[in-house]
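# Architecture at a glance
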Amino acid sequence: AAMMTPEEVMPVVLNECLYAGGPFFGYPFKPVLNALFGAPYDRAYSHFRRDHSDELNLTLHLIALFYQLSMSFTWLNELDLALFGGLLGGGGAARDKKEEPRSRRAPLGILAFSTTIVWGAALATCQAAMPAKVVAVIALLAAYTGRSVLRPHWVRLAYLQGAVEALVYQVFILKRPVSNIRDLVALFFLRHLAFVQLKRLRGRLSPYRLLVNLAVAGFLAVTCMDNIFKGFPYPLLLGIFGWVPALLTDQPGLFFLSCGFAATLFQGLAHHISGEQATLPQLQDVHDEFAHVTFFPALLAQSSLETFAPATLLQQ
């Protein structure tokens, strides 16, 4: 087989960096790559505003922003603990299964702190309106400060995420309306039963953590070589099923990583419920996609202000 040319390799590298760690999750390298290869803020905002002007959609996306940022920085904290302060997921099967992992926070956190600085700088210097930039940076700082808060509750969160999964099954797989409450309750009950059974096996596969993690990494690497919305979005399956290997191997970090894909599915639900098209699947250009996810906090803040409080922008 012929070797890939540099022109062919670069889009693959960019797609891997963009999608494999969670499309909207932050890492120190993402804002840098956006500065080098991403589209300008004004272009990103024209795409964003086109698809995010409805009040319901914006409200749901504000929830999604909390979902994305809180899980993103909790995941970065897990990476900091794994790389610079302990094993990913804590004590695993060696500890009493009734004992949740402590709210451990890596001091400063090399990855979490550098992501906050680099991403915060990108948001603070972009062409967004000043109130939007302030809101975006404050949201980033809040997520960084609270990056260890959710860690002790990861199993409970994995259970509650079943509500999002039930909606995903109903809307995207069964193609049934959200208003069909009976089916929604039935789907959540089935997810409840599956969770209860698998929770009894928590940590059973802990000796095989490395193998499981390599399998997940390989799956993401293979399925994120191109825009994940070209055809079936296979990486998003981790958002539906990621809690299963996380529970079986007793790794909170694996669960928080999967939330990057679950939260993206939640944003898709927001678009479906509000009737506005999702932006990321429409872009089909890695430069626009990088700008969309990098500027997302500022884009959402500015569009929300334009809809809910336009006077704050008119004063600029």
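The present account deals with the structure reproduced in this document. Since this is a predicted model, take the numbers as computed values, not measurements.

What counts and how
Residues numbered from 1 in each chain as written. Predicted model: local features only at pLDDT ≥ 70, side-chain atom pairs only at ≥ 80, totals over all residues. Heavy atoms only, no water. Helix = DSSP H or I, 4+ residues; strand = E, 2+ residues; numbered from the N terminus. Buried < 20%, exposed > 50% of the residue type's maximum accessible area, 1.4 Å probe, protein only. Axes fitted to C-alpha atoms, helices over the stretch in contact; angles between N-to-C directions. Parallel < 35°, antiparallel > 145°, perpendicular 65-115°, else oblique. Left-handed = near helix turned anticlockwise from the far one by under 90°. Contact = heavy atoms within 4.5 Å. Expected span 1.5 Å × (residues − 1). Salt bridge = Lys/Arg side-chain N within 4 Å of Asp/Glu carboxyl O.

## Some points on unusual backbone geometry
- The residue K175 is not glycine, and still its phi comes out positive at about 60°.
- Mapped onto the elements, K175 comes out in the loop between α8 (162-173) and α9 (181-199).
- In this structure, Q284 is a non-glycine residue whose phi angle is positive, near 55°.
- Along the chain, the position of Q284 falls in the loop between α14 (280-283) and α15 (286-294).
- On the basis of relative accessibility, which here comes to 34%, the residue Q284 falls in the partly exposed class.

## Some details on the packing of α8 against helix α13 (residues 252-274)
- As a packed pair, α8 and α13 sit with axes 10 Å apart at the nearest point and diverge in direction by 50°. Here α8 is positioned oblique relative to α13, judged by the angle of their axes. Crossing of α8 against α13: the hand is left-handed. Facing V164, L167, V168, V171 and F172 of α8, the residues of α13 in contact are A262, L265, F266, G268, L269 and H272.

## Let's talk about α9
- Between its first and last C-alpha, α9 extends 26 Å over 19 residues, near the 27 Å set by a 1.5 Å rise per residue.
- Elements that come into contact with the buried residues of α9 comprise α7 (154-160), α8 and α12 (243-249).

## Here's the deal with the pattern of salt bridges
- Counted according to the given criterion, the structure contains nine salt bridges.
- Where R151 meets E78, a salt bridge forms, and the shortest distance between an N and an O atom there is 2.4 Å. Placement of R151 in the loop between α6 (130-145) and α7 and of E78 in helix α4 (residues 55-84) is noted, with a sequence separation of 73 residues between them. As far as the burial class goes, R151 and E78 line up, both buried.
- Of the charged contacts, one joins D250 and R202 as a salt bridge, the two residues approaching to 2.9 Å between their closest N and O atoms. One end of the pair, D250, is in the loop between α12 and α13; the other, R202, is in the loop between α9 and α10 (209-223), and 48 residues separate them in sequence. The exposure classification of D250 matches that of R202, with both residues buried.
- If you follow the salt bridges from partner to partner, you end up with R176, R182 and D183 in one network.

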